[in-house]
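Listed below, chain by chain, are the residues.
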Amino acid sequence: MSNFLTSSIGKKVIMSLSGLFLILFLCVHLSVNLLLLVSEEAFNAGCDFMALPFIKVIEPVLALGFIVHIIWASVLTIQNQKARPAKYAKRCQSQNCTWASRNMYILGALVLAFLALHIATVWYQFKFGEITSHYEFVSSFLKQPCFGVIYIIAAILLGLHITHGFWSAFQTIGFSNDIWRKRLECIAYFFAFVFAAGFSIIPLYFMIFGN
Amino acid sequence: MADKILKELTLKIWRQKDAKSQGGFKTYKVHNISTGTSFLEMLDILNEQLVEQNEEPVAFDHDCREGICGTCSLFVDGRAHGPDDDVTTCQLHMRRFEDGATITIEPWRCGAFPVIKDLIVDRKAYDKILQAGGYVSVNTGGVPDANAIPIANDKAEEAMDAAACIGCGACAATCKNSSAMLFVAAKVSQLALLPQGKIEAARRAKAMVAKMDELGFGNCTNTGACEMECPKSISISHIARLNREFLKAKLKD
Ligand code: HEM
Ligand code: SF4
Ligand code: FES
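A quick note: this is a predicted structure, and the numbers were derived from the prediction, not measured.

**Some details on the sheet that holds strand β4 (residues 79-80) of chain B**
All names here are of chain B.
- The five strands lie next to each other as β2-β1-β5-β3-β4, forming an open sheet whose pairing is mixed. In the strand order of this sheet, the two ends are held by β2 (24-34) and β4, each with one partner.
- Sheet topology note: the strand β1 (residues 5-15)/β2 ladder contains 10 bridges and is antiparallel. The residue of β2 that forms the bridge with Thr10 is Lys29.
- The strands touched by helix α1 (residues 39-52) are β1, β2, β3 (75-76) and β5 (102-106); relative to β2, the strand with the most contacts, the crossing angle is about 105°.

**Here's the deal with the coordination of the iron atom of ligand 1**
Residues and elements named next belong to chain A.
- On the protein side, the iron atom of ligand 1 has His69 (NE2) and His161 (NE2) as donor atoms, found 2.0 Å from it.
- Bound by six donor atoms, the iron atom of ligand 1 shows angles of 88 to 179° at the metal and therefore octahedral coordination geometry. Of this pair, His69 sits in helix α4 (residues 58-82) while His161 sits in helix α8 (residues 145-172), placing them 92 residues apart in sequence.

**Here's the deal with the pairing of β5(B)**
All names here are of chain B.
- The buried fraction of β5 amounts to four of the five residues, a majority that puts the element mostly inside the structure.
- Examined bridge by bridge, β1 and β5 share four bridges and lie parallel to one another. From the neighbouring strand, Leu11 faces β5, where its bridge partner is Ile103.

**Comments concerning the pattern of salt bridges**
Residues and elements named next belong to chain B.
- The final tally for this structure, using the stated rule, is 20 salt bridges over all chains.
- Measuring nitrogen to oxygen at the nearest pair gives 2.8 Å for the salt bridge that ties Glu229 to Arg79. Pair noted here: Glu229 is in helix α8 (residues 225-229) and Arg79 is in strand β4, with a separation of 150 residues, a long-range link.
- For Glu229, a relative accessible area of 2% gives the class buried.
- For Lys124, the salt bridge identified is with Asp122, shortest N-O distance 3.3 Å.

**As for the packing of helix α7 (residues 201-214) of chain B against helix α9 (residues 237-252) of chain B**
Residue and element names in this part refer to chain B.
- At a closest axis distance of 8 Å, the pairing of α7 and α9 adopts a crossing angle of 105°. The orientation of α7 with respect to α9, classified from their angle, is roughly perpendicular. Touching Ala201, Ala202, Ala205, Lys206 and Val209 of α7 are Leu242, Glu245, Phe246, Ala249 and Lys250, all from α9.
- Residue composition of the contact of α7 with α9, grouped by class: seven nonpolar, no polar and three charged.

**Regarding the interface of chain B and chain A**
- On the side of chain A, 40 residues touch chain B, which itself brings 49 residues to the contact.
- Here chain B meets chain A over a buried area of about 3500 Å², counting both sides, of which 50% is carbon and sulfur.
- Seen at the junction of chain B and chain A, the total is two salt bridges.
- Here chain B is connected to chain A by 33 residue pairs in polar contact (both at pLDDT 80 or more).
- Contributing elements (two or more residues each) for the side of chain B that touches chain A: β5, α4 (170-174), α7, α8 and α9 of chain B.
- No other element matches the 10 residues that α9(B) contributes to the side of chain B that touches chain A.
- Its residues assigned to classes, the side of chain B that touches chain A shows 22 nonpolar, 16 polar and 11 charged.

**What to know about the packing of aromatic side chains**
Residues and elements named next belong to chain A.
- For the coordinates displayed, the defined rule picks out 27 aromatic pairs over all chains.
- Between Phe141 and Tyr151 the ring centres are 5.9 Å apart and the planes differ by 80°, which places this aromatic pair in the edge-to-face class. Placement of Phe141 in helix α7 (residues 134-142) and of Tyr151 in helix α8 is noted, with a sequence separation of 10 residues between them.
- Since its relative accessible area comes to 10%, Tyr151 is described here as buried.

**Description of the site of ligand 2**
Residues and elements named next belong to chain B.
- Taken together, 13 residues lie near ligand 2, and Cys165, Cys168, Gly169, Cys171 and Cys230 sit nearest.
- Broken down by secondary-structure element, the contributors of at least two residues to the shell around ligand 2 are α4 and α5 (181-192).
- Counted by class, the shell around ligand 2 contains 11 nonpolar, two polar and no charged residues.

Parameters at a glance
Residues numbered from 1 in each chain as written. Chains lettered and ligands numbered in written order. Predicted model: local features only at pLDDT ≥ 70, side-chain atom pairs only at ≥ 80, totals over all residues. Heavy atoms only, no water. Pairing = 2+ DSSP bridges. Helix = DSSP H or I, 4+ residues; strand = E, 2+ residues; numbered from the N terminus. Contact = heavy atoms within 4.5 Å. Axes fitted to C-alpha atoms, helices over the stretch in contact; angles between N-to-C directions. Donors = N, O, S within 2.8 Å, 3.2 Å for Na, K, Ca; no water. Tetrahedral: all angles 85-135°; square planar, octahedral: opposite > 155°, others 65-115°. Buried < 20%, exposed > 50% of the residue type's maximum accessible area, 1.4 Å probe, protein only. Salt bridge = Lys/Arg side-chain N within 4 Å of Asp/Glu carboxyl O. Parallel < 35°, antiparallel > 145°, perpendicular 65-115°, else oblique. Nonpolar A, V, L, I, M, F, W, Y, C, P; charged D, E, K, R; others polar. Buried area = accessible area lost by both parts, 1.4 Å probe. Polar contact = N/O pair within 3.5 Å; in protein donor to acceptor, adjacent residues only side chain to side chain. Phe/Tyr/Trp six-rings, centres within 6.5 Å; stacked < 30°, edge-to-face > 60°. Near = heavy atom within 4 Å.

Pasting the structure below:
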């Protein structure tokens, strides 16, 4: 295993596994969020559940997942930039690959910017603020169009990252062939849609019905 | 049907004296090109014109001119081997272009393929990757009798698809990461699928990937651009197999 982690494929496997872990986290996160649309009691109960000690221990692991994914993404992107010192004068990349697959780093960086905002506002208040009802807090927060719109844009950017990321993660660990590739691409679009629509519908709901 | 004539074409071509010089684009005009002319023949016509004017002809790679050797390269109008899918540049024809068009012609751009002169790049990097493990070590003797070694039809077919790679370098040239994964995958896959090559599969995958990394090719991010530009339509499913072979080999270490 000596030089596995420094090899190109090894680095990619780390991207893949950390990415899949983040997708798993997003599934849990979205499920709890959707309780906002069920009722105030349901969402508050969900938040209380997420605050249980055995769930809390996952938090540092999750943070590590993000950190690893971001560091390796940066290393890969820098190396890949350096691999072509002289650029083409004319290039038609839209003819041979998807926009999302070419812009994974930009999409990721924008998701990261959103993550910083999310941590500074909602996450910080959940963790250290004096909140009586989590539902009340979230609904009055997302009702503000400036935040609501940012959350919707972030959901769409995340969805785009997943359209390529999901199937790419399986290809990286070798789980793909001519048949499975089509299936994985379908599932990738499904997940991307669920995340983009799922995370957007909540701010939309509060912006429209919030008063 | 008689071929149409393209009255005038403007060519923006990368000129570079040698590996050390700074290059730049120069613009040329060619006239009365028949649409049946191949792209390389069109460049031959330009070169004759340049020789007549006592100018240095444009250097470009070519050999078989029938899509089998992989020598021709060229990034034509923003795409490896030009606008057609599944062809080499020598198989590209002028009927693909409109009269009056401006065509941009560049060498492969990839750190591991340095420009030697004008449109010619040094693709020795691919040879070095092959030398690192793209072979079967034992002497396999003469051609074996048919069916002496049973090979399942699907395996034989897939190995044959991978073996179609002509080492042209379009995959790394087109990849946004300058990754050579499709080439390496084709070679690893072709041999790993067959009994003669299977024995050394683990060593081969490790050695070829290590060489590819060492030579400064980028890291694959599965954009799939390589398979779209590959003149032999090598599928990126072979990259998945390479990843599998590499992971298996590393886990066993
Ligand atoms: C919740 C957030 C995120 C999820 C679910 C996620 C998921 C994924 C997945 C599954 C992949 C595919 C891995 C592969 O190709 O093997 C990927 C690739 C990538 N991600 Fe993320 N990611 C997230 C956030 C980020 C962030 C914050 C960044 C960086 C600033 C980032 C940058 C990248 C890059 C550059 C790639 C392509 C690299 C490659 O394919 O090797 N991602 N992501
Ligand atoms: S995989 Fe295709 S594009 Fe790459 S070197 Fe082989 S034939 Fe050329
Ligand atoms: S010259 Fe041989 S493939 Fe084009």
